[in-house]
Amino acid sequence: MKVKSLILSAALAAMAGGVSAEGVKVGMITTLSGGGAGLGIDVRDGFMLAVKQSGRDDIEVVIEDDQRKPDIAVQLADKMIQSEKVDVMTGIIWSNLAMAVVPATVAQGKFYLSPNAGPSALAGKGCHPNYFNVAWQNDNLHEAAGAYATSAGYSNSFILAPNYPAGQDALTGYKRTFGGELAGELFTKLGQTDYAAEIAQIRASGADSVFFFLPGGMGISFLKQYADSGIDIPVVGPAFSFDQGILQAVGDAALGVVNTSQWSKDIDNPTNAAFVETFQAEYGRLPSLYASQGFDTANLLISALATASPADADAFRAALKAADFDSTRGDFAFGPNHHPIQDIYAREVIKEGDVFTNKIIGVALEDHADAYAAECKM
């Protein structure tokens, strides 16, 4: 489908400057159906909220559903670049899809702004001047989980994740900062929903803690089955399995679990407070991590358009690099490989009335950059 932003204020559009005379076309390929649809929907909704609030009528967003299939994502990318003539692309959730789409996109001179997937292959030797990640490098939240687990006194973790690029990065990240030993390490199937065998291995492992990265419906299934198993071993994970869109489905099984995130609805700054309020008013639900990333990605784009056009690649790239926008996270800056340097928080799952949500309990990693930047030669 095609979505074109409404004219909210002619004065605001004129003040925005940049490419107002010629416009910019954004191609968004994201997951809008199937098991990971909630993630893509939140990225889309956060992005479109920022476009709407900008008041610009010169930003056209072409939105397509990749169905979480790499071959579909590649077909859509080809269509957007060759037929739709987009200037900028964004939207991909899953790292295997990002690896299928991003290198070819930037090689054709297009800009790619990632609102989610941050595979290590694109942060190090595979970095590119036209690729900017507005969320994190894949390892980051898992590195924070390893740091938190160490500080909490855990010394023997059982770790598991799906066998795809983000899952591999997840376990690498956790092991990078965890100071203890591993009671076990498993890769599961992407999209798996039955974890009886894995839970049996955890039970027999002698672990004092469990770290898992299972995004979307995978995490819901695992947590429910883990709670039903009666195993009383503390769980630590990244926000992807404890985020706002997932917690209601998980329910009491998530209460008290500590997870790590670069964003939380209780980060205390005016931009974040306004984002949480306006997102809830617009869509009737609390925003998730993914919604905040979509919102920040759009605002990064809008800030760059205020001073340059994608047609002037060098100027537009410099405007993106400057990151002159108010992030929901507060301080925001890109490292030399165009990945964020940012605080990553430890959050605890709580219940506010009938709503399961998270609250910040501390900073797990401060001003954290990724481990691959030194390999990036730009």
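So, how was this worked out
Residues numbered from 1 in each chain as written. Predicted model: local features only at pLDDT ≥ 70, side-chain atom pairs only at ≥ 80, totals over all residues. Heavy atoms only, no water. Phe/Tyr/Trp six-rings, centres within 6.5 Å; stacked < 30°, edge-to-face > 60°. Helix = DSSP H or I, 4+ residues; strand = E, 2+ residues; numbered from the N terminus. Lys NZ or Arg CZ within 6 Å of the ring centre and 35° of its normal. pLDDT = per-residue confidence, 0-100. Contact = heavy atoms within 4.5 Å. Buried < 20%, exposed > 50% of the residue type's maximum accessible area, 1.4 Å probe, protein only. Core = buried A, V, L, I, M, F, W, Y, C linked by side-chain atoms within 4.5 Å. Arc of directions from axis to C-beta. Axes fitted to C-alpha atoms, helices over the stretch in contact; angles between N-to-C directions. Parallel < 35°, antiparallel > 145°, perpendicular 65-115°, else oblique. Left-handed = near helix turned anticlockwise from the far one by under 90°. Nonpolar A, V, L, I, M, F, W, Y, C, P; charged D, E, K, R; others polar.

Asks: Sorry, what's going on with the packing of aromatic side chains here?
Replies: Each aromatic ring pair is characterised by the separation of its centres together with the angle its planes make. Applying the stated criterion to the full structure yields 19 aromatic pairs. Each ring, one from F212 and one from F222, has its centre 4.7 Å from the other, and the planes form 45°; the classification is tilted. Of this pair, F212 sits in strand β9 (residues 209-212) while F222 is found in helix α8 (residues 217-229), placing the two residues 10 residues apart along the sequence. Through pairs of rings, three or more aromatic residues link up here, namely Y195, F212, F222, Y226 and F242. Across from the ring centre of W94, 4.9 Å away, lies the NZ or CZ of R68, which sits over that ring.

Asks: Please explain the confidence of the model for the protein chain as it appears in this structure.
Replies: Reading predicted coordinates in detail is not appropriate for stretches of low pLDDT. With 94% of its residues at a pLDDT of 70 or more, the protein chain has an overall mean of 93. The model gives residues 1-21 a pLDDT under 50, and that stretch makes 48 contacts with residues more than four places away or in other chains.

Asks: I keep staring at unusual backbone geometry and nothing clicks. Help me out?
Replies: What is expected of a backbone is that most residues other than glycine have negative phi and most peptide bonds are trans. Phi at K85 is positive, roughly 55°, even though this residue is not glycine. Its location among the elements puts K85 in the loop between α3 (70-84) and β4 (88-90). The class for K85 is exposed, based on a relative accessible area of 54%. With a phi angle near 65°, H338 is a residue other than glycine that sits in the positive phi range. Within the element layout of this structure, H338 appears in the loop between β12 (333-334) and β13 (340-352). Given a relative accessible area of 6%, H338 falls into the buried group.

Asks: Teacher, can you tell me more about the nonpolar core here?
Replies: Note on soluble globular proteins: their nonpolar side chains tend to be buried together. Counting 115 residues, the largest nonpolar core has F47, M89, F222, Y226, F242 and F316 as its most contacted members. No other element matches the 10 residues that helix α11 (residues 289-305) contributes to this core. With residues up to four places along the chain from it excluded, the contact list for F242 reads F212, L223, V235, G237, L247, A254, V257, N259, R347, V349 and N358.

Asks: What exactly am I supposed to notice about helix α7 (residues 196-205) here?
Replies: Count 3.6 residues to each turn of an α-helix, and residues three or four apart come out pointing the same way. Listed as buried for α7 are E198, I199 and I202. Each buried residue of α7 lies within a common arc of 100° when the element is viewed along its axis, so the set occupies one face. Where α7 terminates, the next one or two residues include G206, which has phi positive at roughly 80°.

Asks: Can you walk me through the packing of α11 against helix α12 (residues 313-322) in this structure?
Replies: Packed helices, taken two at a time, are described by the angle their axes make and the gap between the axes. Running from amino to carboxyl end, α11 crosses α12 at an angle of 130°, the nearest separation of the two axes being 8 Å. Judged by the angle between their axes, α11 and α12 are oblique. Crossing of α11 over α12 shows right-handed handedness. Within the contact between the two elements, α11 uses L300, L301, A304 and L305 and α12 uses F316, A319 and L320. Grouping the constituent residues of the contact of α11 with α12 by class yields seven nonpolar, no polar and no charged.

Asks: Teacher, can you tell me more about the packing of helix α2 (residues 37-54) against α11 here?
Replies: The geometry of α2 relative to α11 is characterised by a closest axis approach of 7 Å and an angle of 40° between their N-to-C directions. The angle between the axes of α2 and α11 places the two elements in the oblique class. Crossing handedness for the pair α2 and α11: right-handed. Here α2 contributes L39, D42, V43, G46, F47, L49, A50, V51, Q53 and S54 to the contact with α11, which in turn contributes Y290, A291, G294, F295, T297, A298, N299, L301 and I302.

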